[in-house]
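Observations on the three-dimensional arrangement
Listed below, chain by chain, are the residues.
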Amino acid sequence: LTAKQKILTQVIQKELIFTAEAKVAKFLIEQEDLVKTLKNTQIASLLNITPETLSRILSKFKTQELIGPAFE
């Protein structure tokens, strides 16, 4: 039961509290191996955001030099 409660808390944080930018940043940090294998549309789907939003956020991160060109 405790494990299920922890999962529920994570889902609530991910979907209600985090902004789209926070979702992308967290995904880039925690799922680096998936970032290299999935397409942007698949990543957007996992994060429950539109591919356009993901593209804008990645461009913003690149402009701010938070990520390299390999992520776009």
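Look up a bit, the structure's there.
For the structure given in this document, a descriptive report is provided here.

Procedures and definitions
Residues numbered from 1 in each chain as written. Predicted model: local features only at pLDDT ≥ 70, side-chain atom pairs only at ≥ 80, totals over all residues. Heavy atoms only, no water. Helix = DSSP H or I, 4+ residues; strand = E, 2+ residues; numbered from the N terminus. Buried < 20%, exposed > 50% of the residue type's maximum accessible area, 1.4 Å probe, protein only. Contact = heavy atoms within 4.5 Å. Areas by Shrake-Rupley, 256 points an atom, 1.4 Å probe, with all protein chains shown as cover. Lys, Arg positive; Asp, Glu negative; His and termini not counted. Charge placed at Lys NZ, Arg CZ, Asp CG, Glu CD. Salt bridge = Lys/Arg side-chain N within 4 Å of Asp/Glu carboxyl O. 1 Å grid on protein atoms, 1.4 Å probe; cavity = no way out; pocket = protein on both sides within 12 Å on 5 of 7 lines; lining within 4 Å. Points joined across faces, edges and corners; volume = space filled by probe spheres on them. Nonpolar A, V, L, I, M, F, W, Y, C, P; charged D, E, K, R; others polar. Arc of directions from axis to C-beta.

Quick word on the overall build of the protein
Assigned secondary structure in the protein consists of 5 helices and 0 strands. In the protein, the order of α-helices and β-strands from amino to carboxyl end is α-α-α-α-α. Per-residue burial for the protein yields a buried fraction of 21% across its 72 residues. Partitioning the contacts of the protein with sequence separation of at least 6, the portion at a separation of at least 24 is 46%. As displayed, the protein has an accessible area near 5400 Å², and 58% of this comes from carbon and sulfur atoms. Of the charged side chains in the protein, 10 are positive and 8 negative, and the gap between their average positions amounts to 6 Å.

Here we look at the pattern of salt bridges
The full count for this structure, using the stated rule, is 3 salt bridges. One salt bridge in this structure joins E30 and K26, with 3.4 Å as the shortest N-O distance. Placement of the pair is E30 and K26 together in helix α2 (residues 20-30), with a separation of 4 residues, close to one helical turn. On the basis of relative accessibility, which here comes to 48%, the residue E30 falls in the partly exposed class. Residue K26 is classed as partly exposed on the basis of its relative accessible area of 35%. Notably, a salt bridge pairs K36 with E32, separated by 3.6 Å at the nearest N-O pair. Here K36 and its partner E32 are both found in helix α3 (residues 32-37), 4 residues apart, which amounts to about one turn of the helix. Taking the relative accessible area as the measure of exposure, K36 reaches 64% and is therefore exposed.

Considering the layout of surface pockets
Estimates place the volume of the largest pocket at around 290 Å³. Along the wall of the largest pocket there are 13 residues; nearest its centre are K14, K26, F27, E30 and L47. The set of elements that each furnish at least two residues to the lining of the largest pocket consists of α1 (2-17), α2 and α4 (40-47). Counting residues per element, the lining of the largest pocket draws most heavily on α1, which supplies 5 residues. Here the lining of the largest pocket is composed, by residue class, of 5 nonpolar, 3 polar and 5 charged.

Structural notes on α2
Buried within α2 we find K23, V24, F27 and L28. Projected down its long axis, α2 shows its buried positions confined to an angular sector of 130 degrees, all on one face. Buried residues belonging to α2 abut α1, α3, α4 and α5 (51-63).

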